[in-house]
Each structure stands twice: as C-alpha cells, then as structure tokens.
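Structural overview for review
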Amino acid sequence: MTLRIALVGGPMYDHLYSFFNEHDVEVIVHADHPTLNRKVAEMLADGERIDLLSTHSKYAPSQASWLQPLDSLVDKPAVDELAPLAVDLCRYRQQLFTIPRLIDVRIMWLRSDRVALAPTTWDEVINSPVKFGFPGKESGLFGTFYEIVVGAGGRIFDDEERPCFISDESIQAIETLIALAQKTDSDLPNWHYDQVDAALLNGTTDASGAWPGAWGSIRSSKFEQVLQPHRYPSGAKRWVSYAGCHAWGIPTTCGDIDGATDLLHRLMSAEVHGLDASGGNMCANVEALSQVSPVNDIDQQRLAITRETINEAMITYPSHVRFPEVEDAGWVLINETLRGLRSPQDAIQTLQMVAEQFFAADSN
C-alpha cells in the first residue's frame, strides 16, 4: 500500500526527503509549518487518511486526540538511541505521541564585515546600528517575544501553567521588537523563518537568529566567509533560546499501521539522522550526531555554540492542549503592534484576556 505522508517544507528540512525516493509514498502535503498544521488539521477533521506526518513537540498536546500513541508501536531499543531530552519533549501525559527528528534552537549569525563588535544582549542590539532580522509573523514572532520576556526575568505562564502575560517584561519585549523592526526593513512584519534567512543572505540584514538547518544555505552563500556564528542575544536576567523538536507522528486515520511503523523505524535510524545532520540539523539520534565532523572552522564554532545553547539556554513552552490557539492569537496581536495598529499595552491586555478564555474553555 502506498503511504500517504505530510511533510514540513523549506530549505532547512527538504534535504532529508531524498530518502523517500526509495519508498512507496505519496506526499499529500509539503508546506511551511503553519500551513502544514492548518492543512493537516482540516484533513484529519474530515477523516482523511494520512499515514505519517511531520509535526513538532510543542503541538503534540493539541494533536494528541488524533495521534497514535507510539510506546507500543516502536521498538524501545530504537527509542533509546535518541536523545532523552528530545524524547521527553515528545511525550504528553507520559505517553509518546511523536518521535523526534531534530532539536531546534537558534543562534545568532552576524556579518563580520559590517559589524566589528558582536552585540551580546538585546539592549546592545537595540543601541547599535545592527539591523537584526527576526520573524514578523506566525510562531517565530511569538517565540521571539517569549525569549525576550523570559530573558528579562518575566513569564507568560505561571507555576500552574495559567497565562500571566500582563507584566512590564511583556510590554518591554514588544517595545524591543518594534524598535528592532523599525531599523531593519519595512516588510519585516511579513517575514517568516525562510524570509529571515533570505534577508541575511542577500544583505538586507546584518544579523539574525537562525535554526541549525540554515547552515546549508549559509555555507553555500556568497557571504559564507563573513557570516560568523555567535551566541543568541541574552536578556538582562537570562540567556535563552526557545526550542523544541521537529518530529514524526502516525495519525489515527492511518490506513496501514504496520507500513507506517516500518517507515518510522527507518526514519529513526542513525543513517537517516546522519542525512538530516548533513544539512546542518541537530539530529536526535545520538550516534549520528556524534559522527558529525565540522567542514571548516566556522562550522566547528557553529556546532559548539549550538550544543552549548541546547545544554544551557534552551527553553520550551508548557504542554497545553490550547497552546497553539494562544500562540496564534499572540502573534497576530504582536504583528499589529509592528504595523502600528495597536499599542503594546493593548496587545498584552487583549492577549491575557483571550488566553484566559481559551484556558477556561479547556477546563470546562
């Protein structure tokens, strides 16, 4: 039976998909992550068959109702070959709903021919002439907001995982984003991750945060020799980089559980993870990642900084079924502040109200 699969698309992820040329699969969705999530949700709501899909650890709670629990399907020795931190991020209420493909954290890339001294904090970025690119919409914008809030010592969820957006740190985070956008590019509110990378590689920006998978594009760009990796900017209280795992899942509408499970086991192998790592990704298979050899000094620095970030600065969202709705509401509101349509104060107050409504509906 031909397996129907849905894949996240983009330069950071597509290099892996030559693997599927050797397998009987039909790619029914291949899109950036927000588009992928929306299309998959529509298809599964209609009961349409999907046998294997790309997803992300932060979405597992909201997707749990239509994902197959995997503990009884996948071989434990194969799971044990994956980084425990990545596997834990793919669990929800002690059940394994997805299998990690890679660990994503951002580091900063900077044009050394334009910037003599790399900024190390958000305040330094703002007070320098550096044009810093970041996603102006979707999950990337909300994630950057989250990083700046936490770096300043703030929170967006309390110890009971209730929303607590109203704070000086939240308002200041949006003010920081506005200040960065105003000196970068007027089109920034339309940028997603791929556009951020493109702006760095075409000279529109001087610096930006990038996922590990951007290394392939950086290495092949005309600015390879002047793009230097650095730690992501820190806040006044903490150095953080929001993170998670791209992952694989088997939906409840799967028409061939055995075939999907066999394909998933192949995707878990060191060989396939090594292929993923060849494009710059920090694959979840421990053996495959340990075999990665830097191609030059810049790559060696990149790998060292990325590993340091995973070990010391990685932050993740709480596991909550309604989180994607809060994220969607949040980025739309923050995007409106970048466009001058709403004040930071109004955005935060509205986000708090909307988040409380989502969480109250879930508790009922």
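Right above here is the structure, for reference.
Only a predicted model underlies this, so the values are computations on that prediction, with no experimental measurement involved. (Residues numbered from 1 in each chain as written. Predicted model: local features only at pLDDT ≥ 70, side-chain atom pairs only at ≥ 80, totals over all residues. Heavy atoms only, no water.)

Relative to the assigned elements, G249 resides in strand β12 (residues 244–249). Separated by 104 residues in the primary sequence, G249 and F145 place their C-alpha atoms 28 Å from one another. Once residues lying within four places of it in the same chain are set aside, the contact partners of G249 are D51, L52, L53, L67, F97 and T98. (Helix = DSSP H or I, 4+ residues; strand = E, 2+ residues; numbered from the N terminus. Contact = heavy atoms within 4.5 Å.)

So, on to the state of the cysteines. This structure, assessed with the given rule, holds zero disulfides. With no disulfide of its own, C90 has C245 as its nearest cysteine by sulfur position, at a separation of 4.9 Å. (Disulfide = S-S within 2.5 Å.)

A few words now on the nonpolar core. Core analysis: the largest hydrophobic core is formed by 115 residues, its most contacted members being F20, F142, F145 and F165. Of all hydrophobic cores here, the second largest spans 12 residues; its members include W109, L200, I218 and I305. (Core = buried A, V, L, I, M, F, W, Y, C linked by side-chain atoms within 4.5 Å. Buried < 20%, exposed > 50% of the residue type's maximum accessible area, 1.4 Å probe, protein only.)

Between the first and last C-alpha of helix α1 (residues 33–45) there are 18 Å, a value that for 13 residues agrees with the 18 Å anticipated at 1.5 Å per step. If you check which residues of α1 are buried, you get H33, P34, L36, N37, V40, M43 and L44. Looking at the packing, one finds that the buried side of α1 touches β1 (3–8), β2 (25–31), β3 (52–56), α2 (60–63), α6 (138–151) and β12. G47 occupies a position one or two residues after α1 and carries a positive phi of about 75°. (Expected span 1.5 Å × (residues − 1).)

This brings us to the sheet that holds strand β13 (residues 282–283). Judged by pairing direction, the sheet is mixed, and its six strands sit side by side in the order β2-β1-β3-β12-β6-β13 without closing on themselves. Edge strands, defined here as strands with exactly one partner in the open sheet, are β2 and β13. With six bridges joining them, β1 and β2 adopt parallel strand pairing. Each bridged residue has a counterpart across the sheet, and for A6 the counterpart in β2 is V29. Sitting on the sheet, helix α11 (residues 270–277) is in contact with β6 (99–104) and β13, with an inclination near 25° to β6. (Pairing = 2+ DSSP bridges. Axes fitted to C-alpha atoms, helices over the stretch in contact; angles between N-to-C directions.)

The next point concerns the sheet that holds strand β9 (residues 207–210). Read across the open sheet, the four strands follow the order β8-β9-β7-β10; overall the sheet is mixed. The strands lining the two open edges of the sheet, one partner per strand, are β8 (132–133) and β10 (227–230). Relative to β9, strand β7 (residues 107–111) runs antiparallel, the two being bridged by four bridges. Bridge pairing links I107 to A210 in β9.

This brings us to the environment of L275. Within the secondary structure layout, L275 lies in helix α11. Linking L275 and L16, residues 259 residues apart in sequence, is a C-alpha distance of 6.2 Å. When residues no more than four places from it in sequence are discounted, the contact partners of L275 are H15, L16, S18 and F19.

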